[in-house]
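# Notes for the structure review
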Amino acid sequence: MNNKVFCNVCGRQLHMKNDILLEDAFEAKKQWGYFSKKDATLHSFVICEECYDEMIKQFIIPPEVTNVTEL
Ligand SMILES: [Zn+2]
């Protein structure tokens, strides 16, 4: 088990203490299916909050944001 987490965009190591992530990050996992050119592969990456903010600035339509009261 690799317990170091890096942002895939900027390469920065995310802050961890005793294997617990001390900052939140965007974690993506996508298993591509039959109609893609990446059939049957699982892609996953982590994006730190700063890089996430930069990424969504590029979006024409911003992400849907919903307030979550219970986690
Ligand atoms: Zn980053």
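Residues numbered from 1 in each chain as written. Predicted model: local features only at pLDDT ≥ 70, side-chain atom pairs only at ≥ 80, totals over all residues. Heavy atoms only, no water.

### Side note on the packing of aromatic side chains
The following threshold applies: Working definition: a ring pair exists when centres of Phe, Tyr or Trp rings (six-membered ring for Trp) sit within 6.5 Å. Plane angles under 30 degrees give stacked, over 60 give edge-to-face, the rest tilted. Think of it in three bands: with a 1.4 Å probe and only protein chains considered, a residue is buried below 20% of the maximum accessible area for its type, exposed above 50%, and partly exposed in between. Our definition puts a charge over a ring when NZ of Lys or CZ of Arg is within 6 Å of the ring centre and also within 35 degrees of the ring normal.
On inspection of all chains with the given rule, the structure shows two aromatic pairs. Measuring from centroid to centroid gives 5.3 Å for Tyr34 and Phe35, while their planes differ by 85°, and the two rings are edge-to-face. Taking relative accessible area as the criterion, Phe35 reaches 83% and is therefore assigned exposed. Above the plane of the ring of Trp32 lies Lys30, whose end atom (NZ or CZ) is 5.4 Å from the centre.

### Section: the coordination of the zinc ion
To keep things clear, this is the line we draw: Water is not part of the atom set, so a site may look incomplete; the donors themselves are N, O and S atoms within 2.8 Å of the metal, or 3.2 Å for Na, K and Ca. Four donors are marked tetrahedral only if all angles between them lie between 85 and 135 degrees, whereas four are marked square planar and six octahedral if opposite donors are more than 155 degrees apart and the other angles lie between 65 and 115; the remainder are marked irregular. The helix count covers DSSP runs of H or I at least four residues long, the strand count covers runs of E at least two residues long, and both are numbered beginning at the N terminus.
Around the zinc ion, the protein supplies Cys7 (SG), Cys10 (SG), Cys48 (SG) and Cys51 (SG) as donor atoms, at distances of 2.3 Å. Taken together, the four donor atoms surrounding the zinc ion define angles of 103 to 120° at the centre, an arrangement classified as tetrahedral. In primary-sequence terms, the residues that donate to the zinc ion follow C-x2-C-x37-C-x2-C. Here Cys7, found in the segment before strand 1 (16–17), pairs with Cys48, found in strand 4 (residues 42–48); they are 41 residues apart in sequence, far enough to count as distant.

Distances and angles like these do not, on their own, reveal function.
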